[in-house]
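Here are the chains, one letter per residue:
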Amino acid sequence: MTKSSVATAPLLDTRALNRATLARQLLLRRSPLGAADALRHLLGLQAQNVKPPYHALAARLDGFAPERLSRLMADREAVRIVTLRSTLHTHTAEDCLTLRPFVQPARDRELSAFRKGLDGVDLDRLAALARELVEAEPRTMAQLRAALGAEWPHADPRSLAVAARCRLPLVQVTPRGLWGRSGQVALTTAEHWLGRPAAPAPAPDAVVLRYLAAFGPASVKDMQTWAGLTRLRDAFERLRPRLLTFRDTSGTELFDLPEAPRPDPATPAPPRFLPEFDNLLLGHADRTRVVPPEHRGRTWQGNQAHRTFLVDGFLAGLWKQDGDTLVIEPFGKLTKAQREDVTAEGARMSATLCPEVPYDIRFGTVAGR
């Protein structure tokens, strides 16, 4: 599409993009979907820590209970695996077996950064040995490093373990990831854990359509950021006749599914409490549709992400649990009505995730930079 064509495409301002994205992310209205269907629609949930997928679904689903996701994992219908952006996600079993092959080029690229520590290592042999080890019994990363290090004593132990993770689809076995349970990280292959082989990587076009259903309207760069991949422009171009095109306020071309919801920008957006690393905050290159420019960078400190909450659909502050107290830290002044709505949503979240704990709710000092 030419620059002049983009300039004449319909404009979606920030609020229009915000409401459309909230609708796709099941955050504008709570969805009646079950946990598995929601995981599938959202193409997985960030799961660097154990609790975020549970918090994410509590914010999105009507009638959600943590046991529903926990049961999926216990029954091996959902798993924790490194996929998008080289980070841990909770996926349905089906998506685990297809999306991991789809992002394999990014895992190969990641591995190239460890080439120096792998000098003299036959990577095919390493993958075969690592597979044999973890399929014999689940192994921790420390055990994997030690076993591989015995085979290649002059290689960097961390690089050996990273190579195994990049070459193989390693899932974290339960009880790790189950609600209310603890367990160290132990790994085996997705094929072994799920009892069936990985599927061929889906065509990029198919994943583009799913991405737009969950994150659109979006640019090519948005999807590339979400997936941690490059060179997706061709897929968008092949799909162009089937898609609608828009532009944002900066003139960036956006693609969308014709039938996807694009609510009126004036549609009310209730408060929502989100976990650290939520999809909503990481699914686009340009995050101004959710993060006001004045709050950019305030959800992170070093390499640690904070839990966040939305007011009127936009990032409005942080929250944390301090013992049996839910502490809410707004970035700015909230109106009385907004405080009441945020308090009610906080109480609802607490009752959903920890019904046995009578949480107090208080507003803390506005979070600093």
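The structure presented is a predicted model; accordingly, all values stated were derived computationally and were not measured. Residue numbering note: each chain is counted from 1, following its sequence as written. Local features in this predicted model are restricted to residues whose pLDDT is 70 or higher, and side-chain atom pairs enter the listing and the counts only when it is 80 or higher, whereas totals over whole chains, interfaces and linings include all residues. The basis for the side-chain values is all heavy atoms of the structure; hydrogens and waters are excluded.

A. Region of interest: unusual backbone geometry. For the bond running from T174 to P175, omega is 20 degrees, close enough to zero to count as cis. As for its placement among the helices and strands, P175 is situated in the loop between strand 4 (170–172) and strand 5 (187–189). The amide bond that connects G216 to the next residue, P217, takes the cis arrangement and shows omega of -5 degrees. By definition, any uninterrupted DSSP run of H or I lasting at least four residues is a helix, any uninterrupted run of E lasting at least two residues is a strand, and each is numbered from the N terminus. By secondary structure assignment, the location of P217 is in the loop between helix 12 (204–215) and helix 13 (220–227). The backbone of L26 sits at a positive phi, close to 65 degrees, despite the residue not being glycine. Turning to its location among the elements, L26 is positioned in the loop between helix 2 (14–24) and helix 3 (35–41). Overall, L26 belongs to the buried group, its relative accessible area being 9%. Classification of residues uses two cut-offs on accessible area relative to the type maximum, computed with a 1.4 Å probe and protein chains only: under 20% is buried, over 50% is exposed, and between them is partly exposed.

B. The arrangement of the pattern of salt bridges in detail. In the sections that follow, a salt bridge refers to a side-chain nitrogen of Lys or Arg positioned within 4 Å of a carboxyl oxygen of Asp or Glu. Summed over the entire model, instances satisfying the criterion amount to 24 salt bridges. We note a salt bridge from R40 to D37, for which the minimum N-O separation is 2.6 Å. Of this pair, R40 and D37 both sit in helix 3, three residues apart, which is roughly one turn of that helix. Residue R40 is classed as partly exposed on the basis of its relative accessible area, which comes to 34%. On the accessibility criterion, D37 (39% relative accessible area) is partly exposed. Taking the shortest distance from any N to any O, the salt bridge between E151 and R125 comes out at 1.8 Å. Of this pair, E151 sits in helix 9 (residues 141–151) while R125 sits in helix 8 (residues 123–136), and the two are 26 residues apart along the sequence.

C. Expanded view of the sheet that holds strand 13 (residues 325–330). Taken in spatial order, the five strands of this open sheet run 8-11-12-13-14, and their pairing is mixed. Two strands lie at the open edges of the sheet, namely strand 8 (272–274) and strand 14 (360–363), each paired on one side alone. The average undirected angle you get between the axes of adjacent strands in this sheet is 30 degrees. Pairing between two strands is assigned when DSSP locates at least 2 bridges connecting them. Pairing between strand 11 (residues 307–311) and strand 12 (residues 314–322): five bridges, direction antiparallel. When the bridges of strand 12 are listed, V311 appears paired with F314. A contact between two residues is defined here by any heavy atoms of the two lying within 4.5 Å. Orientation is described by axes fitted as lines to C-alpha atoms, over the contacting stretch for helices, and by angles from 0 to 180 degrees between their N-to-C directions. The strands touched by helix 4 (residues 52–60) are strand 8, strand 11 and strand 12; relative to strand 8, the strand with the most contacts, the crossing angle is about 165 degrees.

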